[in-house]
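Close look at the chain arrangement
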Amino acid sequence: MWNNKLKAVTFSFDDGVTQDIRLIEMLDKYGLKATFNLNSAFFGSVDTSGRKDPRNKVRAEEVAKIYENHEIASHTLTHPYLTTLSDEDILYQISQDQNNLSELCGYDIVGLAYPGGGEKNNNAYVADFIRKNTSIKYARTITSTYGFGLPQDLLRLDPTIQIYEMDKMFELAERFIDLKPETPQIYYIWGHSYEFDLNDSWDNMEKFCEVISGHDDIFYGTNREVLLDSLF
Ligand SMILES: [Zn+2]
């Protein structure tokens, strides 16, 4: 697995905002791989709020090109809390988004990021429902572990850390780079690319990419490559 390496780094970004384009240029420069979780009902929507971190969404016709070096996954059709929906609506929100995205990018969509913050983000019932009734193979939560252990349940996959904790991200990177593990370890980072606008952290993110990239003993892959293609 992972080309015979025991460490993997992967990224996950939600909401399909146009800042993804700048982020992807950076990731590509350093040979890093990410998964982008998209709401297909919102493609092309424009943020007129005037905020510092505009939430303009990518357009459907650009999706295949923008994300071509990375993985596209589902973030549901319209971003509801899945834990508040009927079974029928959960199925619709996920399957319809999978179909729309698949049509645009030309491959099967197997990943999901649960939409929405706080306690309503996910629960055991929804995870089991997704496991039994959809073709989703892994689903990411918003709960940071600050660790590198393998996920216990791929349908409730907890990330290591979110990008707004940039200082801690660097600390964990140092630890991860020094690690000589005997079992597989994953450094899993998630966020939204508009957070780099909000926190003026584009330069810091570039430094992070520089630090974490280029290590011979680390595999750099999309979520799918790290979690499915090579691990389980
Ligand atoms: Zn979201």
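Located above this text is the structure these notes cover.
Section: the packing of aromatic side chains
What the rule picks out here adds up to twelve aromatic pairs. Centroid distance F170 to F208: 5.6 Å. Interplanar angle 80°. Geometry classified as edge-to-face. Taken together, the residues span a long stretch of sequence, with F170 in helix α5 (residues 166-178) and F208 in helix α7 (residues 202-212) at a distance of 38 residues. A residue is classified by how much of its surface remains accessible, and F170, at 22% relative accessible area, is partly exposed.

Thoughts on the packing of α5 against α7
Pairs of packed helices are described in terms of their axes, by the angle between the two and the distance that separates them. α7 packs onto α5 with a crossing angle of 5° between their chain directions and a minimal axis gap of 10 Å. If you check the angle between α5 and α7, you find them roughly parallel. Of the residues in α7, those in contact with M166, M169, F170, A173 and I177 of α5 are N204, M205, K207, F208, V211 and I212. For the contact of α5 with α7, the residue count by class is nine nonpolar, one polar and one charged.

Some remarks on the pattern of salt bridges
This structure, assessed with the given rule, holds eleven salt bridges. Two residues, K7 and D217, come together in a salt bridge whose shortest N-O distance is 3.2 Å. Residue K7 is found in strand β1 (residues 7-14), and its partner D217 is found in the loop between α7 and β8 (218-220); the two are separated by 210 residues along the sequence. Accessibility expressed as a relative area gives 1% for K7, which makes it buried. In this structure, D14 and R140 form a salt bridge, with 2.9 Å as the shortest nitrogen-oxygen distance. On the criterion of sequence distance, the pair formed by D14 in strand β1 and R140 in strand β5 (residues 138-140) is long-range, its members being 126 residues apart. Salt bridges linked by common partners bring R51, D53 and R55 together as one network.

What counts, and at which threshold
Residues numbered from 1 in each chain as written. Predicted model: local features only at pLDDT ≥ 70, side-chain atom pairs only at ≥ 80, totals over all residues. Heavy atoms only, no water. Phe/Tyr/Trp six-rings, centres within 6.5 Å; stacked < 30°, edge-to-face > 60°. Helix = DSSP H or I, 4+ residues; strand = E, 2+ residues; numbered from the N terminus. Buried < 20%, exposed > 50% of the residue type's maximum accessible area, 1.4 Å probe, protein only. Axes fitted to C-alpha atoms, helices over the stretch in contact; angles between N-to-C directions. Parallel < 35°, antiparallel > 145°, perpendicular 65-115°, else oblique. Contact = heavy atoms within 4.5 Å. Nonpolar A, V, L, I, M, F, W, Y, C, P; charged D, E, K, R; others polar. Salt bridge = Lys/Arg side-chain N within 4 Å of Asp/Glu carboxyl O.

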